[in-house]
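Architecture at a glance
Letter by letter, the chains look like this.
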Amino acid sequence: MPSTFATSFTGALFANADGGSGSSILSYLFLPLILAAMYFLMIRPQRKRMRQQQDVQQSIEVGHEVVTTSGIFGTITGEDGPNRFWLEIDDEHDVQIRVARAAIQNVVSPDDDVEVADRGDDADSGTATTAGDSDDGDALDAVTNDDTSN
C-alpha cells in the first residue's frame, strides 16, 4: 500500500497531463531557487563581514589606535586577559577604560584620522578646502593664495 504523501506528490506532478505539467514542475523548483538567492544575497555576505570582523579583532595589539562599536577612539595600552584591553581615550588626563575585544570595531590608520579631520573642517565651514587654501599660516599657503588672487 503506497503512502499518501508519495501518492499526492506524484499526483501533483502528473495532474496536468494535458501539457500544463511544466508549471507544476517549475513550482517545485521555485522554492530552492528562492533559498539559493537568499543565501547568495544575504547569508554569504553577512558571514564574510563577520569573518573580517573576527580577523580585525584577533589582530589587535598594544599600541594600535582603534575605534569601538560605540564610536570611541583610543589607543590600546595593555591587555587584561585574552578578551579585554585597556583603551586610553585621553592622553592629557590619562583616562583609560577597559573594553572587550568584541567591542573593537576597526583599527584606525593615520590616513583615516586625516580624512576624518578634513571632513569635519568642511562640514563646519560649509566650503570645501583645496590644496594651498588652508588657514594654518604656512608660507606655501601665502604664496599660493597670492598667486591665485591676482
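These notes cover the structure that comes with them. (Residues numbered from 1 in each chain as written. Predicted model: local features only at pLDDT ≥ 70, side-chain atom pairs only at ≥ 80, totals over all residues. Heavy atoms only, no water.)

Some words on the overall build of the protein
Our working rule: Each helix is a run of DSSP H or I of at least 4 residues and each strand a run of E of at least 2, with the numbering of both proceeding from the N terminus. Only protein chains enter the accessibility calculation, which uses a 1.4 Å probe. A residue is then buried if its area is under 20% of the maximum for its type, exposed if over 50%, and partly exposed in between. For this analysis, residues touch if any pair of their heavy atoms sits within 4.5 Å. Accessibility throughout is a Shrake-Rupley quantity obtained with a 1.4 Å probe, and a residue counts as covered only by protein chains that appear here.
Along the backbone of the protein there are four helices and five strands. Order of helices (α) and strands (β) in the protein, N terminus to C terminus: α-α-β-β-β-β-β-α-α. Within the protein, the fraction of its 150 residues that count as buried is 13%. The long-range share in the protein, meaning contacts at least 24 apart out of those at least 6 apart in sequence, stands at 29%. Of the accessible surface of the protein, which amounts to about 11,500 Å², a share of 57% is contributed by carbon and sulfur atoms.

Considerations on the packing of aromatic side chains
Where we set the bar: A pair of Phe, Tyr and Trp rings is counted when the ring centres sit within 6.5 Å of each other, with Trp represented by its six-membered ring. The angle between the planes then sorts it: under 30 degrees is stacked, over 60 is edge-to-face, the rest tilted.
Taken as a whole and judged by the stated rule, the model has one aromatic pair. Ring plane angle 80° and centroid distance 5.1 Å describe the contact between Y39 and F40, whose orientation is recorded as edge-to-face.

Here we look at the nonpolar core
Condition: Among buried residues, those of type Ala, Val, Leu, Ile, Met, Phe, Trp, Tyr and Cys that are joined through side-chain atoms within 4.5 Å constitute a nonpolar core.
Membership of the largest hydrophobic core is limited to seven residues, which are I60, V66, I76, F85, L87, V99 and I104. The contacts of I60, once residues within four sequence positions are left out, are I76, F85, R101, I104 and V107.

Considering unusual backbone geometry
Phi angles above zero are rare outside glycine, and D94 is one such case at about 55°. Take D94: it is sitting in the loop between β3 (84-90) and β4 (95-100). In this structure D94 comes out as exposed when scored by relative accessible area, which is 53%.

Brief notes about the pattern of salt bridges
Rules: Salt bridge, as used here: a side-chain nitrogen of Lys or Arg that lies within 4 Å of a carboxyl oxygen of Asp or Glu.
Throughout the structure, instances matching the rule amount to two salt bridges. In this structure, D80 and R84 form a salt bridge, with 3.7 Å as the shortest nitrogen-oxygen distance. What makes D80 partly exposed here is its relative accessible area of 22%. Since its relative accessible area comes to 38%, R84 is described here as partly exposed. One salt-bridge network, in which partners are shared between bridges, spans D80, R84 and R98.

Things to note about a positive patch on the surface
For the record, the criterion: Within this analysis, patches are made of residues with over 30% relative accessible area and no salt bridge. Like charges are joined at 9 Å or less; nonpolar side chains (Val, Leu, Ile, Met, Phe, Trp, Tyr) at 5 Å or less. Note that His is not counted, nor are the chain ends; the positive residues are Lys and Arg, and the negative ones are Asp and Glu. Taken as the charge centre is NZ of Lys, CZ of Arg, CG of Asp or CD of Glu, depending on the residue.
Among the surface-exposed residues, R44, R47, K48 and R51 lie close enough to one another that they form a single positively charged patch. Summarising the element assignment, R47 is placed in helix α2 (residues 21-58).

Looking at the sheet that holds β3
Worth spelling out the cut-off: Two strands are said to pair when DSSP picks up at least two bridges between them. Here an axis means a line fitted to C-alpha atoms, over the contact stretch when the element is a helix, while the angle between two N-to-C directions is reported on a 0 to 180 degree scale.
Strand order in this open sheet of five strands is β4-β3-β2-β1-β5, and the pairing throughout is antiparallel. Taken across any chain shown, the strands that pair with only one partner, and hence form the sheet edges, are β4 and β5 (104-107). If you compare each strand with its neighbour and ignore which way they point, the axes differ by 45° on average. Sheet analysis places strand β1 (residues 65-68) next to β5, joined by three bridges and oriented antiparallel. Residue V66 lies in a different strand from β5, and its bridge partner there is V107.

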